[in-house]
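Understanding the architecture of this molecule
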Amino acid sequence: MTAPIAPDAALVRQLAAAVRLVLNDERIAQAQPILAAQLGISVPAELLVGTEPATHFDVDWA
Amino acid sequence: MTRSTDPASLDIVTAATEMRAGSLRPSALLDSILERIDEVEPELRAFVLVDREGAHRAAVDLDRELARGKLRGPLHGIPVAVKDIFDVAGFPTRCGCRAYDDAPPTSEDSTVVARLRAVGAIILGKTTTHELACGVYTPPTRNPWDLERIPGGSSGGSGAAVAAGMAMGATGSDTGGSIRIPAALCGVVGIKPTYGRVSRAGVAALSWSLDHAGPLARTVDDAALLLQAMAGVDPRDPTSIDRPLPDLFPSSEGSLQGRRIGVPGELFFDGITDAVRGAVDDARRSLSELAATIVEVSIPELAWTLPAEFGIVLAEGASYHEQLLRTRPKLIGENVLGLLDAGALLPATYYLRAQRLRAVIQTAVRRAFEQARLDALLAPTLPAAAARHDQLTYLFDGREEGVTDAYVRTTAPFNLTGQPVVAVPAGLSPEGLPIGVQFAGRPYAEDTVVTIARAYERASGWREKSFPPRGIAGVLAAARPGSGKTG
């Protein structure tokens, strides 16, 4: 499984600082639950085997 | 030839027939549409701009051409509305966002708009979008079937305008359902073509690997006519594909003999109203009566749809709007800003994981098509009818689900795969609100899904019952006695 991360407001603030995005408390409060939801998803590693992204999304099987 | 029906109530095919016969002129059709806008737009607020002057100029030119015997095709003189993320020369593209309130007029049409004009469509104006095409509510637009309900989004203005007869067709974009969601909630037809089929040049992006441009219209034939005009490779869009659009109007059809249509379980039915489930069952019966073979299929990998969709949309959306996020974040509404901020902070590995989940889903859907030899999938477009403006969640079998998640859950699988989809009305809920089904086909096989959707539309009879929408019927009846008839 890929490990879930549970970002609290402090971690969100740290991440924002790392990418030089200035977030006030309101923005952190909005972004935190959305980010937490994404980071909280566990995916079985075996599911992803062989799915390394291509440089295009060729869906032509017709 | 004379006509008893108000021209704004005609569908495109009928209007085109009347243009050919000489009983309808582009300017008369436009006048009727503008009158309809005057009547119901104050209630619906589907437009951000109506270009009366430009539309009149175009109509007069097209009148003259018609008088000289020149008919550009079935869209000659047909008034069409454009979602306000598509560039229309001479007007700003504001994307429903205050950050673009001061945007200058664009100098060039988006490719889609240019192509529509070239075949004689009249560009009426621009319709509302949920902010930055990132949401399903599209305030302040109201649903023509019930003014207390949302029209869906993000192409909500286009859906409401078409349903109310304020435009005969409209453009939309679909990143996680944004054409099909308003189509289903407003009771009209929406086509999300194969990824790359319609140029995105001159269209603001949300998530470039998921964005699809396409039409909304009142009937499958009308939407197909619009798609024919919009489609085609475009050097201005590197993601557009150089592959001819198949014939969407084959001469022999009606029966679906030999067609195999899969009905996937799991994701689509795990949280759904009884009315929508019933509509899908009815559609299965209709298709069987049309001689199609219905096949139950299982695609459990679709359970990863929402993590894949949101992982990609958040990251690509944040990337596309990076400068805006840094320089003018106060001009973005708090809900969309929260999504984009989250996307900006999402680790790269999570974006890549979402893309890998997408590959898992693509492979699984392809396998289902191949193993069951399917021509298309049938699924509910959405699990429920339109939410109220202040509604945040649905309750399905005691389980709460956010309105956005509920809508995107059933539409986004086909953004992830890139398959063509036609969403069609499939009846009314007990509250009298539209519900819909969608047909998803093999890549580049728009002809197959259009054929199936057309046959279903005719067999179901919903087309005849879809106008006028209940929420504005009173306004229309007062303004134009007899306008409830369709062409």
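Here is a short report on the structure shown in this document. (Residues numbered from 1 in each chain as written. Chains lettered and ligands numbered in written order. Predicted model: local features only at pLDDT ≥ 70, side-chain atom pairs only at ≥ 80, totals over all residues. Heavy atoms only, no water.)

**Observations regarding the overall build of chain B**
Threshold: A run of H or I in DSSP counts as a helix once it spans at least four residues, and a run of E counts as a strand once it spans at least two, with each numbered from the N terminus. Only C-alpha atoms enter the radius of gyration, while the globule expectation follows 2.2 Å times N to the 0.38, with N the number of residues. Each residue gets one of three labels from its accessible area relative to the maximum for its type: buried under 20%, exposed over 50%, partly exposed in between, using a 1.4 Å probe on protein chains only. Two residues qualify as a contact provided that any one of their heavy atoms is within 4.5 Å of a heavy atom in the partner residue. In this description, accessible areas are obtained by the Shrake-Rupley approach with a 1.4 Å probe, and a residue is regarded as covered only by the protein chains that are shown. By the counting rule applied here, Lys and Arg register as positive and Asp and Glu as negative, while His and the ends of each chain are not counted. Charged groups are reduced to one reference atom each: NZ for lysine, CZ for arginine, CG for aspartic acid, CD for glutamic acid.
Looking only at helices and strands, chain B has 17 helices and 13 strands in total. In terms of overall size, chain B behaves like a compact globule, its C-alpha atoms giving a radius of gyration of 21 Å where 487 residues would be expected to give roughly 23 Å. Put simply, chain B has 487 residues, and 65% of those count as buried. Residue pairs in contact within chain B that sit at least 24 positions apart in sequence constitute 76% of those at least 6 positions apart. Just so you have it, chain B exposes about 16,500 Å², and 51% of that area is on carbon and sulfur atoms. The averaged location of the 57 negative side-chain charges in chain B is 3 Å from the averaged location of its 51 positive side-chain charges.

**As for the state of the cysteines**
Residue and element names in this part refer to chain B. Operational definition: We call a pair of cysteine sulfur atoms a disulfide when they lie within 2.5 Å.
Following the criterion strictly, the structure yields 0 disulfides over all chains and no others. The thiol of Cys-97 is unpaired, and the distance to the nearest cysteine sulfur, on Cys-95, comes to 7.5 Å. With relative accessibility at 2%, the residue Cys-97 sits in the buried group. Free of any disulfide, Cys-134 has its nearest cysteine sulfur in Cys-97, 11 Å distant.

**What about helix H8 (residues 274–289) of chain B?**
Residues and elements named next belong to chain B. Applied cut-off: Helix span is expected to be 1.5 Å times the residue number reduced by one. Throughout, the arc means the angular range of directions from the helix axis out to the C-beta atoms.
Taking 1.5 Å of rise per residue, the 16 residues of H8 would be expected to cover 22 Å, and the 22 Å separating its terminal C-alpha atoms lies within 8% of that figure. Looking only at H8, the buried set comprises Val-276, Ala-279, Val-280, Ala-283, Ser-286 and Leu-287. End-on view of H8: buried residues confined to an arc of 120°, all on one side of the axis. Along H8, exposed side chains directed more than 90 degrees from the buried face belong to Asp-274 and Glu-289. Those residues of H8 hidden inside the fold are in contact with strand E7 (260–264), strand E8 (293–297), strand E9 (376–380), strand E12 (421–428), strand E13 (434–441) and helix H15 (446–460).

**Some details on the interface of chain A and chain B**
Threshold: Accessible-area loss on putting two parts together, using a 1.4 Å probe and summing over both, is the definition of buried area adopted here. The working definition used for a salt bridge is a side-chain nitrogen of Lys or Arg within 4 Å of a carboxyl oxygen of Asp or Glu. Under this definition, polar contacts are N or O atom pairs within 3.5 Å; protein pairs additionally need one hydrogen-donor-capable and one acceptor-capable atom, and for neighbouring residues in sequence, both atoms have to be side-chain atoms. Residue polarity is assigned by list, with Asp, Glu, Lys and Arg as charged and Ala, Val, Leu, Ile, Met, Phe, Trp, Tyr, Cys and Pro as nonpolar; anything else, Gly included, falls into the polar class.
With 31 residues of chain A at the interface, the matching set in chain B holds 39 residues. Interface area, chain A with chain B, both sides summed: about 3,300 Å², of which 68% is carbon and sulfur. At the junction of chain A with chain B, the criterion picks out 2 salt bridges. The salt bridge involving Glu-52 of chain A is made with Arg-356 of chain B; its shortest N-O contact spans 3.7 Å. Scanning the region where chain A abuts chain B turns up 6 residue pairs in polar contact (both at pLDDT 80 or more). Elements that contribute at least two residues to the side of chain A that touches chain B include exactly helix H1 (9–18) and helix H2 (25–39) of chain A. Of all the elements, H2 of chain A adds the most residues to the side of chain A that touches chain B, at 7 residues. Residue composition of the side of chain A that touches chain B, grouped by class: 22 nonpolar, 5 polar and 4 charged.

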